[in-house]
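These are the residues of each chain, in order.
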Amino acid sequence: MKQNKNIILASKSPRRRELLGVLGVEYECASPDVFERGLEQNKGEEVVLYNALTKARSLKKAGFAVIGADTAVYLNGKGFGKPKDESEAFQFLSELSGKTHKVYTGVAVVTDEVEKTAVVSTEVTFRELSREEILDYIKSKSPLDKAGAYGIQDFGSVFVESIKGDYFNVVGLPVETVYRMLLECKVIEY
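Residues numbered from 1 in each chain as written. Predicted model: local features only at pLDDT ≥ 70, side-chain atom pairs only at ≥ 80, totals over all residues. Heavy atoms only, no water.

> Could you give me a rundown of the pattern of salt bridges, with the residues and numbers involved?
Taken as a whole, this structure holds 16 salt bridges when the rule is applied. The partner of Arg57 in a salt bridge is Glu115, and the shortest N-O contact between them spans 2.8 Å. You can see Arg57 sitting in helix H2 (residues 44-58) and its partner Glu115 sitting in strand E7 (residues 115-126), a full 58 residues away along the chain. By relative accessible area, Arg57 is classed as partly exposed at 46%. (Salt bridge = Lys/Arg side-chain N within 4 Å of Asp/Glu carboxyl O. Helix = DSSP H or I, 4+ residues; strand = E, 2+ residues; numbered from the N terminus. Buried < 20%, exposed > 50% of the residue type's maximum accessible area, 1.4 Å probe, protein only.)

> Please give an account of helix H6 (residues 175-184) that cites residues and values.
Looking only at H6, the buried set comprises Val175, Thr177, Val178, Met181 and Leu182. One face of H6 carries all of its buried residues, which in axial projection span an arc of 160°. Immediately beyond the C-terminal end of H6, within one or two residues, lies Lys186, with a positive phi of roughly 60°. (Arc of directions from axis to C-beta.)

> Lay out the packing of aromatic side chains in plain terms, naming residues and giving numbers.
Where two aromatic rings form a pair, the distance of their centres and the angle of their planes describe that pair. With the rule as written, the count across this model stands at eight aromatic pairs. Relative to Phe159, the ring of Tyr137 has its centre 5.3 Å away and its plane inclined at 90°; by these criteria the two rings are edge-to-face. Of this pair, Tyr137 sits in helix H4 (residues 131-139) while Phe159 is found in the loop between H4 and strand E8 (160-164), placing the two residues 22 residues apart along the sequence. On the basis of relative accessible area, Phe159 is assigned to the buried category, the value being 0%. Here Tyr167 and Phe168 contribute two aromatic rings whose centre-to-centre distance is 5.4 Å and whose plane-to-plane angle is 80°, an arrangement assigned as edge-to-face. Residue Tyr167 is classed as partly exposed on the basis of its relative accessible area, which comes to 34%. Note on Phe168: relative accessible area 38%, which makes it partly exposed. Taken together, the ring pairs in this structure connect Phe126, Tyr137, Tyr150, Phe155 and Phe159 into an aromatic cluster. The residue whose ring lies beneath Arg37 is Tyr50, and the NZ or CZ to ring-centre distance is 5.8 Å. (Phe/Tyr/Trp six-rings, centres within 6.5 Å; stacked < 30°, edge-to-face > 60°. Lys NZ or Arg CZ within 6 Å of the ring centre and 35° of its normal.)

The analysis is restricted to geometry; functional conclusions fall outside its scope.
See the structure below:
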């Protein structure tokens, strides 16, 4: 594989860094300082796409490809971002318990020549969760920095009964989609 442009990942998320690393590309991370759009009712795809593109555009730099991403969880049209505290994490997990929700990740690749965007949606079904399980998970502090208050890649995985779609999307970066976008934007080639 040949890498034609330097890459900036517009995120400090350790999960996104790890997933981008799977592609074998060289990149640097930067934290975008942008105002993210709120999780409006029934607007999951629109919100994550807007936020991803805003993040990528905010770090646009000549000669670079900037990757922006944003993930949100939606249940019956209601958005669940990162919980503000343990109480809200408990509320989120209680609402998701025993139900199927959607995880949307918006991805944007911005270069000097082009802006490419995509939204990936994955359905995740939780089994019924006990109050004690939720409280024990919250004690780990893991849910506090994740959309929907859970990480499918950590202990939150035991809540998941089934998944329909891209697993990596739920983690926070749909790897296959990003790879394809980098190829289409000629950031990488074979």
